[in-house]
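Reading the structure
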Amino acid sequence: MLRSRKRARINDPPPVTDYAVIPAKVAGSFRSSSTSPPVALHIEPVVKSVYRFIDKKTFLDWGLTSDWHVDGPRKRRTPGVSESADHALVASGKGNGTKHKNACSEGYGEMTEGSIERLFLFLKTLCASQPAAADSVPSRVRSPSEYRLDDSVNMSTASTFIDIGSGYGKVVMHAALSAKVAKAVGIEYVASRAAMAISSKNDLVHGKHVFMTKCARCALRDVCDLEHGDATKYGTFNFSHVYIYDKVFSVSTLQLLAIQLAKSPFKVLVSYQRIETWRRLGLNHIVEVAATRMRTTGGQTFKAYIFVKQTQFMIAEEFSS
């Protein structure tokens with residue numbers, strides 16, 4: 001009996017992590033084939049170290065709800081209703097500011113660096129009919145055959161990036177360090193998270209950390225900008241790429257964001273809401289071109305949808321001419 005159990009352990013498949021060589025057949029939404037070779041996901045060491053540094057700096061805060069950071073008695077919010085739901089009601093004047101002021105957030109989570117790296121890898125080759133890293137990008141691409149994406153939708157060193165609801169700033173720093181965009185901005189509504197994000201960035205730039213190279217320090221100092229504020233009052237988002245981890249956002253918050261997005265000159269939008277939701281809220285003139293599964297640090301899996309503005313499409317005949 002003991003031998004059979006031991007053999008079973010030996011024959012068990014290795015756990016899937018963001019750092020390992022991941023077989024394509026277990027890569028979720030990525031191209032899969034029983035004969036496909038393993039796909040190695042390379043994450044720059046400095047990016048991994050930045051994630052670990054922020055994890056250590058924020059671990060006492062990450063699991064706490066935001067009611068630990070306000071004055072007065074704490075009120076537990078109804079399960080399933082996020083903090084964004086309350087602040088949107090207050091912003092729109094439909095809610096009672098005093099009632100919701102000290103309610104707590106139950107919906108905070110973070111994406112793994114592996115998921116974000118795979119997303120950025122795909123965004124770099126978004127307009128290509130057959131991306132260079134074919135085994136490392138989502139397979140469900142739905143660009144109309146009679147249209148072709150403009151090359152400017154690709155994430156590049158000329159791109160500008162904003163993370164709406166940036167938390168501790170990991171995705172923003174990742175964009176600056178790995179995607180090497182021209183500008184990476186994060187806006188976070190919860191004051192404590194925004195303060196920790198800004199503190200982490202300053203510590204990484206000015207602190208004596210061996211893993212922080214000169215180039216990495218310059219990227220965070222010159223490219224990365226983390227802000228505390230209400231994204232629903234931000235105004236137009238003058239960025240080429242907009243990322244929103246909006247899985248737990250309320251309809252009220254999404255509606256306010258949709259109004260701003262409709263007026264914004266973005267080229268690519270990454271959201272966890274389906275296109276039907278955005279169109280129902282008035283955000284038209286966008287096309288879903290891909291979808292990919294994203295993993296959280298808690299082991300949950302969510303689907304991220306990649307949208308492109310219709311103005312970024314070119315008719316194939318025009319492109320060939």
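Structural data are supplied above this passage.
Described in the following lines is the structure provided in the data block. (Residues numbered from 1 in each chain as written. Predicted model: local features only at pLDDT ≥ 70, side-chain atom pairs only at ≥ 80, totals over all residues. Heavy atoms only, no water.)

1. Quick notes on the sheet that holds strand S7 (residues 241–244)
- Strand order in the open sheet formed by seven strands is S6-S5-S4-S7-S8-S10-S9, with mixed pairing between adjacent strands. Two strands in the sheet have a free side with no partner beyond their single neighbour: strand S6 (224–228) and strand S9 (286–295). Averaged over neighbouring strand pairs, the angle between their axes works out to 15 degrees when direction is ignored. (Pairing = 2+ DSSP bridges. Helix = DSSP H or I, 4+ residues; strand = E, 2+ residues; numbered from the N terminus. Axes fitted to C-alpha atoms, helices over the stretch in contact; angles between N-to-C directions.)

2. Some points on the side chain of Ser264
- Considering the arrangement of structural elements, one finds Ser264 in the loop between helix H9 (251–262) and strand S8 (268–271).
- Polar contacts involving the side chain of Ser264 include one to the main-chain amide nitrogen of Phe237, which spans 2.7 Å.
- Discounting chain neighbours no more than four positions away, the residues touching Ser264 are Thr236, Phe237 and Lys309. (Polar contact = N/O pair within 3.5 Å; in protein donor to acceptor, adjacent residues only side chain to side chain. Contact = heavy atoms within 4.5 Å.)

3. Description of the packing of helix H6 (residues 170–179) against helix H8 (residues 214–222)
- Two elements in contact, H6 and H8, have axes whose closest approach is 9 Å; the angle formed by their N-to-C orientations is 130 degrees. Classed by the angle they form, the pair H6 and H8 counts as oblique. Where H6 crosses over H8, the handedness of that crossing is right-handed. Between H6 and H8, the contacting residues are Met173, Ala176 and Leu177 on the first element and Ala216, Ala219 and Leu220 on the second.
- For the contact of H6 with H8, the per-class residue count stands at six nonpolar, no polar and no charged. (Parallel < 35°, antiparallel > 145°, perpendicular 65-115°, else oblique. Left-handed = near helix turned anticlockwise from the far one by under 90°. Nonpolar A, V, L, I, M, F, W, Y, C, P; charged D, E, K, R; others polar.)

4. Observations concerning H8
- Regarding H8, the residues found buried are Ala216, Arg217, Ala219 and Leu220. What you see down the axis of H8 is that its buried residues fit within an arc of 160 degrees, all on one side. Of the exposed residues in H8, the ones pointing more than 90 degrees away from its buried face are Lys214 and Cys215. (Buried < 20%, exposed > 50% of the residue type's maximum accessible area, 1.4 Å probe, protein only. Arc of directions from axis to C-beta.)

5. Some remarks on helix H7 (residues 191–206)
- Counted at 1.5 Å a residue, the expected span for H7 with its 16 residues is 22 Å, and the 22 Å between its end C-alpha atoms agrees.
- When we look at burial in H7, the residues that qualify are Ser192, Arg193, Ala194, Ala197, Ser200, Lys201, Leu204 and Val205. (Expected span 1.5 Å × (residues − 1).)

6. A word on the environment of Val171
- Tracing the chain through its elements places Val171 in helix H6.
- Overall, Val171 belongs to the buried group, its relative accessible area being 10%.
- Those residues within four positions of Val171 in sequence are excluded, and the remaining contacts are Tyr51, Ile116, Phe120, Phe161, Asp163 and Tyr243.

7. Thoughts on the pairing of S7
- The side-chain alternation of S7 yields two buried faces, one formed by His241 and Tyr243 and the other by Val242 and Ile244.
- For strand S4 (residues 160–164) and S7, the ladder comprises four bridges, and the chain directions are parallel. In the sheet register, Phe161 faces S7, and the bridge partner there is His241.
- Alignment of S7 against S8, held across four bridges, turns out to be parallel. When the sheet's bridge partners are listed, Ile244 is paired in S8 with Ser271.
- Each parallel crossover has a hand, and for S7 linked through H9 to S8 it is right-handed. (Right-handed = clockwise from strand over helix to strand, strands pointing away.)

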